[in-house]
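Residue-level structure breakdown
The lines below spell out each chain.
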Amino acid sequence: MSEPFDDLDAPLVQTMANAIRALSMDAVQKANSGHPGMPMGMADVATILFGRHLRFDPKRPDWSNRDRFVLSAGHGSMLIYSLLYLTGYASPTLDDIKNFRQLHSPTAGHPEFGEAPGIETTTGPLGQGLATAVGMAIAERMDNAEFGDTVTDHKTYVLAGDGCLMEGVSQEAISLAGHLRLKNLIVLWDDNSISIDGGTDLATSEDIPARFEAAGWTVSACDGHDFEAIDAAIAEAQTSDQPVLIACKTTIGFGAPNKAGTAGAHGAPLGDDEIALTRDALDWPHAPFDIPGDVLDAWRAVGARGAAASAAWDKAFAKVGADVRAEFTRRLNGELPEGFAASMQDYIAGLVADPQKVATRKASQMALEVVNGQLAETVGGSADLTGSNLTKTSDLTVLSADDFGGRYIHYGIREFGMAAAMNGIALYGTRIPYGGTFLVFTDYARPAMRLSALMKQGVVYVMTHDSIGLGEDGPTHQPIEHVMSLRAMPGIDVYRPADVVETAECWQLAIENRDRPSVLSLSRQGLPQVRLQASSENRSARGAYVLRDGDGAPDVVLIATGSEVEIALGAADTLSKEGIKARVVSMPCSEHFDRQDADYRASVLPDGVLKASIEAGTTFGWERYVGQDGLRFGIDSFGASAPAGALFEYFGLTVGAVADKIRHALAS
């Protein structure tokens, strides 16, 4: 081990830690915004972790066998920005650190995936970093089981704060990790007993170590300002056959004479006077953002050490079988196997030849038989609704603590934890995760779904029982606002297919568009196949298309999604018998439609024609497509408990009710 880490009592080690403290307090002060306390409190732990244990190569930040470091306590972002700069990553630069929290700077208020190399996931919403890291650890164990120790064998480290462990998602995450015995996961808890409002005893009195132990974790503790103790705790954790929590007892704002150990160091600049006193206390006489040459050199030596490890991995990887290397490299590059699109087209052609009336949740399972058969990288799962979501296919075995070769995860009733873990699996880079629950329970998963979109990760959310069509379970389970509210989220594609063909097309799009998450909104009830003609193109890729048209210009355009396309077709039949020319437009994905050029959109939804939307959910938002004078058929109240047919009748979502209102609107 290179100096100074052969001797943890060497003065330079403490000075290296103080460099993190200085950069953190100076950047927050310059920005007049931020959280200096956590980076200052955890600087000693981070110095030992990066200096003696973390396997990484700043010159190859995407090296697949690197250890992952997740700053779950993302408010302390200057900790990771300082470490990335000091160890020699290309970004952030010192100028970037001086521009902390400024527009277009990679040093955002909270770490953002993609803004700088070495940031493994976006964090800030507390608890999600920990939950995402569980997914990373699962993916590492899966790759290890499939490709072997030579290709994949590393740790995932998480720095979590008191706030992370108060958030409910942390319990979902630690419970799943303990159940799966993720021995490659090590959590460093910043045990400083301070929150923004004051001491954590204002709001909690639980025994955190006991909580982790009850979930099947190994738990240890150390003085977070004792280098030898920190080093020993991490070294011991690396040998555990369970996930490990290390409770690092720290002082928030360590080094600040008046604010250390208080809420005053948590979420605001220390102030010029306190910073001056802190410089004296830390024996740091240097100007803001000035890192002495010997200190920077020592940190850069830490970063440079990773080159040998990554080069050794390259040499070993070159000796594994050619087929293994090709498959692993294909997945890392995000490439799909040759023939995937053709296999989906062949499957759809079979459906056209032999039409199927099934619920779109069943249609999803049918499509997944093809997808999972073609793609060894898919990882399915459900939040305890496998038999309802139909997310498990015949060729998937269950992943467990005893068998990480499985590709199906029973997430339990942990929707938020499932979604966050899927983010981690996607970020890992070699897997395509999908997971299911009822659409109404996206309310539980939404914070992680939002991060999927923010990080541009191709997670697929299989959300079934998508309307009042689920029937007797009633308004607690019947989505109303959910589809439209998900459409309002930037960067996510929401698919609501009408039949078995559109479902297959939507699955193909969700798999192929890896730079954005997808939601598949699927019916409980059986739906007739409405696509009965062969097509050489994926029509759903347009987002909306003319499913049926009359002769000449239409008198009315009916726009429908999902289960209501059947109603639109029936209403069009009724109106056509009266000489009213009705065009039926299926809109499986409004986001795809909005990305089409203006000419195409106008060809599908021409100006000057009455338009009506039909969707068994809120009518809010449909004015974008039907105009203020258009008709909007939907439900703007909660549902009710009754058989599906009775509910559609009660809420006016029937062929007769739709045809009557359109007839009246055209006559007025």
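Preceding this section is the structure that the text describes.
Below, the structure is looked at part by part. Worth saying up front: this structure is predicted, and the values here are computed from it rather than measured.

Among the surface-exposed residues, Asp6, Asp7, Asp9, Asp223, Asp226 and Glu228 lie close enough to one another that they form a single negatively charged patch. Within the fold, Asp9 resides in the segment before α1 (11-31).

All right, on to the pairing of strand β3 (residues 185-191) then. Counting buried positions along β3 gives 7 out of 7 residues, so the element sits mostly inside the fold. Of the two faces of β3, the one carrying Leu185, Val187, Trp189 and Asp191 and the one carrying Ile186, Leu188 and Asp190 are both buried. One ladder, built from 6 bridges, connects β3 with strand β7 (residues 244-249); its direction is parallel. By the bridge assignment, Val187 is partnered in β7 with Leu245.

To continue, consider the side chain of Gln508. Of note, Gln508 is situated in helix α21 (residues 500-512). On the basis of relative accessibility, which here comes to 6%, the residue Gln508 falls in the buried class. In this structure, Gln508 is in contact with Phe340, Ala341, Met344, Gln345 and Asn538, ignoring residues within four places of it in sequence.

Taken together, the 5 strands give an open sheet; going across it, the order is β16-β18-β17-β19-β20, and neighbouring strands pair in mixed fashion. Each having just a single partner strand, β16 (545-548) and β20 (631-633) make up the two edges of the open sheet. Pairs of neighbouring strands in the sheet enclose a mean axial angle of 30°, with direction left out of account.

Residues Ile138, Ile246 and Trp299 are the most contacted members of the largest nonpolar core, which totals 125 residues. Ile480, Val530, Met587 and Phe593 belong to the second-largest nonpolar core, a separate cluster that totals 48 residues.

Summed over all chains, the structure comprises 29 salt bridges. The residue Arg66 makes a salt bridge to Glu120 at a minimum N-O spacing of 2.8 Å. In this pair, Arg66 is assigned in the loop between α3 (43-53) and β1 (68-71) and Glu120 in the loop between α5 (94-98) and α6 (128-147), connecting sequence segments 54 residues apart. Accessibility classification places Arg66 together with Glu120 in one group, the buried group. Arg181 is the salt-bridge partner of Asp402, the closest N and O atoms lying 2.7 Å from each other. Of this pair, Asp402 sits in the loop between α17 (386-389) and β10 (408-410) while Arg181 sits in the loop between α8 (168-179) and β3, and the two are 221 residues apart along the sequence.

This part takes up the packing of helix α18 (residues 415-428) against helix α19 (residues 442-455). The geometry of α18 relative to α19 is characterised by a closest axis approach of 6 Å and an angle of 20° between their N-to-C directions. In terms of axis orientation, α18 runs roughly parallel to α19. Residues Glu415, Phe416, Ala419, Ala420, Asn423 and Leu427 of α18 form the contact with α19, whose own contacting residues are Tyr444, Ala445, Pro447, Ala448, Leu451, Ser452 and Met455. Considering only residue class, the contact of α18 with α19 consists of 10 nonpolar, 2 polar and 1 charged.

Right, let's talk about the pairing of strand β11 (residues 432-438) for a bit. Within β11, 7 of the 7 residues are buried, leaving the element largely enclosed by the surrounding structure. Two elements, strand β9 (residues 378-382) and β11, share 3 bridges in a ladder whose sense is parallel. Across the sheet, Thr378 pairs through a bridge with Ile432, a residue of β11. Summarising the sheet, β11 and strand β12 (residues 460-464) pair through 5 bridges and their orientation is parallel. Directly across from Gly436, in β12, lies its bridge partner Val462. For the segment spanning β11, α19 and β12, crossover handedness is right-handed.

Reading the values: rules and limits
Residues numbered from 1 in each chain as written. Predicted model: local features only at pLDDT ≥ 70, side-chain atom pairs only at ≥ 80, totals over all residues. Heavy atoms only, no water. Patch = residues over 30% accessible without salt bridge, like charges linked within 9 Å, V, L, I, M, F, W, Y side chains within 5 Å. Areas by Shrake-Rupley, 256 points an atom, 1.4 Å probe, with all protein chains shown as cover. Salt bridge = Lys/Arg side-chain N within 4 Å of Asp/Glu carboxyl O. Lys, Arg positive; Asp, Glu negative; His and termini not counted. Charge placed at Lys NZ, Arg CZ, Asp CG, Glu CD. Helix = DSSP H or I, 4+ residues; strand = E, 2+ residues; numbered from the N terminus. Buried < 20%, exposed > 50% of the residue type's maximum accessible area, 1.4 Å probe, protein only. Pairing = 2+ DSSP bridges. Contact = heavy atoms within 4.5 Å. Axes fitted to C-alpha atoms, helices over the stretch in contact; angles between N-to-C directions. Core = buried A, V, L, I, M, F, W, Y, C linked by side-chain atoms within 4.5 Å. Parallel < 35°, antiparallel > 145°, perpendicular 65-115°, else oblique. Nonpolar A, V, L, I, M, F, W, Y, C, P; charged D, E, K, R; others polar. Right-handed = clockwise from strand over helix to strand, strands pointing away.

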